[in-house]
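Listed here are the chains, written in short residue letters.
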Amino acid sequence: MTDHHSRRHRPARLARVRALPPWSLVAAGVLAGGLLGGAYGGLKTPTYTATSYVVVVPTERSDTSSALGFAQAYGRVATQLAVLGDAQGRAGVPVETLRESVRTATSPDAPMVAVSATSARPARAAAMANAVAAALTAQANGTKADTHVQLVQFSRAVRPDSPTSPSAGLTGLVGASGGGLLGALALLVRPRRRPEDELLRPASVPAPAVAADARGRL
């Protein structure tokens, strides 16, 4: 009986959906997306990022092009277990935390390696970045007799003052944009009026003028 009841009321529900103005779906998507995005940004724990820089310097038996090549290589090595294992003592966190939190970046134009660490605690982010940079420098300089380059600390990571995670306003804006897009997509697949719906409309009653004209002819 429940299935029969739901089937009987389904055309009425579809009719109500078709009767909604087109902009209502987009507006509802923007509103829902903005609320959800803002709530996510407000409830999510903020994160902080600190960056330490080391530069590759060629010795008298090397040149700048070699330093550029080694900078690219050291950027990949910095997040390997050998370096992170040496850095965990200085950072005060396990290797797995360093593996998840530390990222490196290099430039094709400058022999420099940027070591960045992200954490919910600003001081820990700076400590992790400096620890990995120091471990990388120590390992690289241990082989400078063979590589003919050495690593020098260019800039230590400092405790960040502001979070790098997106704010509630930004996540709300992104959510509103995504919600509006979903609303527009829903508008494209929205049920439309079918030809048979036009046929089911009640017949119109003849106008009084027609009846009056018929009486005049009699």
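Residues numbered from 1 in each chain as written. Predicted model: local features only at pLDDT ≥ 70, side-chain atom pairs only at ≥ 80, totals over all residues. Heavy atoms only, no water.

- The protein chain carries the name Lipopolysaccharide biosynthesis protein in an unreviewed UniProt entry, which gives Streptomyces sp. 900105245 as its organism.

Quick notes on the sheet that holds strand 4 (residues 149–155)
Now for step 1: One open sheet accounts for four strands, arranged 2-3-1-4; its pairing is antiparallel. Each edge of the open sheet carries a strand with a single partner, namely strand 2 (102–106) and strand 4. Averaged over all neighbouring strand pairs, the angle between strand axes comes to 25°, with direction disregarded.
Now for step 2: As paired strands, strand 1 (residues 48–58) and strand 4 are joined by six bridges and run antiparallel to one another. (Pairing = 2+ DSSP bridges. Helix = DSSP H or I, 4+ residues; strand = E, 2+ residues; numbered from the N terminus. Axes fitted to C-alpha atoms, helices over the stretch in contact; angles between N-to-C directions.)

Comments concerning the pattern of salt bridges
It is possible for side chains bearing opposite charge to pair when their charged atoms get close.
Now for step 1: Inspection of every chain in the model, using the stated rule, returns one salt bridge.
Now for step 2: Two residues, glutamate 96 and arginine 99, come together in a salt bridge whose shortest N-O distance is 3.7 Å. Pair noted here: glutamate 96 and arginine 99 are both in helix 5 (residues 95–101), with a separation of three residues, about one helical turn.
Now for step 3: Owing to a relative accessible area of 39%, arginine 99 belongs among the partly exposed residues under this scheme. (Salt bridge = Lys/Arg side-chain N within 4 Å of Asp/Glu carboxyl O. Buried < 20%, exposed > 50% of the residue type's maximum accessible area, 1.4 Å probe, protein only.)

Quick notes on the side chain of serine 116
Now for step 1: With respect to the helices and strands, serine 116 occurs in strand 3 (residues 112–119).
Now for step 2: For serine 116, a relative accessible area of 19% corresponds to the buried category.
Now for step 3: Here the side chain of serine 116 touches threonine 51 through a polar contact of 2.8 Å, side chain to side chain. (Polar contact = N/O pair within 3.5 Å; in protein donor to acceptor, adjacent residues only side chain to side chain.)

A closer look at the packing of helix 4 (residues 81–91) against helix 6 (residues 122–141)
Now for step 1: Put simply, helix 4 and helix 6 touch, their axes get as near as 8 Å, and they point 130° apart. As judged from the angle between their axes, helix 4 and helix 6 are oblique. Crossing of helix 4 over helix 6 shows right-handed handedness. Listed contacts from helix 6 to Ala82, Val83, Leu84, Asp86, Ala87, Arg90 and Ala91 of helix 4 are Ala127, Met128, Ala131, Val132, Ala134, Ala135, Leu136 and Gln139.
Now for step 2: When grouped by side-chain class, the residues that make up the contact of helix 4 with helix 6 number 12 nonpolar, one polar and two charged. (Parallel < 35°, antiparallel > 145°, perpendicular 65-115°, else oblique. Left-handed = near helix turned anticlockwise from the far one by under 90°. Contact = heavy atoms within 4.5 Å. Nonpolar A, V, L, I, M, F, W, Y, C, P; charged D, E, K, R; others polar.)

Comments concerning the pairing of strand 3
Now for step 1: Counting buried positions along strand 3 yields six of eight residues, so the element is predominantly enclosed.
Now for step 2: The pairing of strand 1 with strand 3 spans eight bridges and is classified as antiparallel. When the sheet's bridge partners are listed, alanine 50 is paired in strand 3 with alanine 117.
Now for step 3: Here five bridges tie strand 2 to strand 3, and the two strands are oriented antiparallel to one another. In the sheet register, valine 102 faces strand 3, and the bridge partner there is alanine 117.
Now for step 4: Hairpin connection from strand 2 to strand 3: five residues lie between these consecutive antiparallel strands.

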